[in-house]
Amino acid sequence: MRGDERPARVEDVHDLALGMPYVTVVHGSSGNPVYQVGGKSFVFFRTPRPDAVDPVTGERYPDVIVFWVPSESDKLALIQDEASPFFTTPHFNGHRSVLLRACRVGELTRRELAEIVQDAWLSQASRRRGEAWLRDNPDPES
């Protein structure tokens, strides 16, 4: 199995986000990492909130990761399939982002996770930075 086809891990979220150019990391009030480009968040580890809870127990999810997406249609493509590990909550209606529980990261391959992180970065990076990154990182499958 190629390294990028192995199941993704939470550490990969950190490595991939930090691997994008011009990234800074700030920490939320609970110490949770927030990855930013040009002062705009593109991936962050969310603290437990009342809108993301276990439907059976009502317990708040302690492990939600937020990823920005390029568009509402991209968001819908990721959350419409009930088998998908991505989800949203009413709190994020109208927000170009999807949620993923860290305990479900392994349902993605590292390659799939890399695409999600790269799209998140591109959705928040300046046009100039995004174009430069795309020019320097042509799609290997095209």
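A few points on the structure. Keep in mind that what you see is a predicted model, and the values were worked out from it rather than measured. (Residues numbered from 1 in each chain as written. Predicted model: local features only at pLDDT ≥ 70, side-chain atom pairs only at ≥ 80, totals over all residues. Heavy atoms only, no water.)

### Remarks on the nonpolar core
Soluble globular proteins tend to bury their nonpolar side chains together. Going by this rule: We define a nonpolar core as any set of buried Ala, Val, Leu, Ile, Met, Phe, Trp, Tyr and Cys residues linked to one another through side-chain atoms lying within 4.5 Å. Per-residue accessibility, obtained with a 1.4 Å probe over protein chains only, is compared with the maximum for each type, and a residue is labelled buried under 20%, exposed over 50%, and partly exposed between these values. Strands here are runs of E lasting at least two residues and helices are runs of H or I lasting at least four, both read from the DSSP assignment and numbered beginning at the N terminus. Contact definition: two residues touch when any of their heavy atoms are within 4.5 Å.
Among the nonpolar cores identified, the biggest contains 38 residues, and F42, V43, I65, F67, L113, V117 and W121 are the most heavily contacted of them. At the level of secondary structure, the elements contributing two or more residues to this core comprise helix 1 (10-19), strand 2 (33-37), strand 3 (40-45), strand 4 (64-68), strand 5 (86-87), strand 6 (97-101) and helix 3 (110-124). The element that contributes the greatest number of residues to this core is helix 3, accounting for six residues. Once you skip the residues sitting within four places of it in the chain, V43 turns out to touch V13, V34, Y35, I65, V66, F67, W68 and A120.

### Topic: the packing of aromatic side chains
Formally: Each aromatic pair joins two rings of Phe, Tyr and Trp (for Trp, the six-membered one) with centres within 6.5 Å, and gets the label stacked for planes under 30 degrees apart, edge-to-face for over 60, and tilted for any other angle.
Evaluated as defined, the whole model comprises four aromatic pairs. Their ring planes at 75° and their centres at 6.1 Å tell us that Y61 and F87 sit as a pair that is edge-to-face. Taken together, the residues Y61 in the loop between strand 3 and strand 4 and F87 in strand 5 connect sequence positions 26 residues apart. With respect to burial, Y61 and F87 carry one shared label: buried. Taking 6.1 Å as the distance between ring centres and 50° as the angle between the ring planes, the aromatic pair formed by W121 and W133 counts as tilted. Taken together, the residues span a long stretch of sequence, with W121 in helix 3 and W133 in helix 4 (residues 127-136) at a distance of 12 residues. Here W121 falls in the buried class, since its relative accessible area comes to 0%.

### Concerning the packing of helix 1 against helix 3
Rules: Between N-to-C directions, angles cover 0 to 180 degrees, with each direction set by a line fitted to C-alpha atoms, over the stretch in contact for helices. An angle below 35 degrees is treated as roughly parallel, one above 145 as roughly antiparallel, one from 65 to 115 as roughly perpendicular, and anything else as oblique. By convention, the crossing between two helices is left-handed when the near helix turns anticlockwise from the far helix through less than a right angle, and right-handed when the turn is clockwise. Side-chain classes are defined by residue name, with Ala, Val, Leu, Ile, Met, Phe, Trp, Tyr, Cys and Pro counting as nonpolar, Asp, Glu, Lys and Arg as charged, and the others, Gly among them, as polar.
Helix 3 packs onto helix 1 with a crossing angle of 45° between their chain directions and a minimal axis gap of 10 Å. The orientation of helix 1 with respect to helix 3, classified from their angle, is oblique. As for how helix 1 packs across helix 3, the hand of that crossing is right-handed. Facing D12, V13, L16 and A17 of helix 1, the residues of helix 3 in contact are R110, L113, A114 and V117. Its residues placed into classes, the contact of helix 1 with helix 3 shows six nonpolar, no polar and two charged.

### Side note on the side chain of S41
Our working definition: Any N or O atom pair separated by 3.5 Å or less is treated as a polar contact, with the protein-specific requirement of one donor-capable and one acceptor-capable atom, and with residues adjacent in sequence counted only for side-chain atom pairs.
Tracing the backbone through its elements, the reader meets S41 in strand 3. A distance of 3.3 Å separates a polar atom in the side chain of S41 from a polar atom in the side chain of Q36. With near-sequence residues (within four places) excluded, S41 lies in contact with V34, Y35, Q36, W68 and Q124.

### Observations regarding the sheet that holds strand 5
Stated precisely, the cut-off is as follows: Whether two strands pair depends on DSSP finding at least two bridges between them.
One open sheet holds the six strands; their spatial order is 1-2-3-4-6-5, and the pairing between them is antiparallel. The open sheet has two edge strands, strand 1 (23-27) and strand 5, and neither has a second partner. Here strand 1 runs beside strand 2; their pairing, made up of five bridges, is antiparallel. Within the sheet, the bridge partner assigned to V26 lies in strand 2 and is V34. In the packing of helix 2 (residues 72-79) onto the sheet, contacts are made with strand 5 and strand 6, and the angle to strand 6 comes to roughly 25°.

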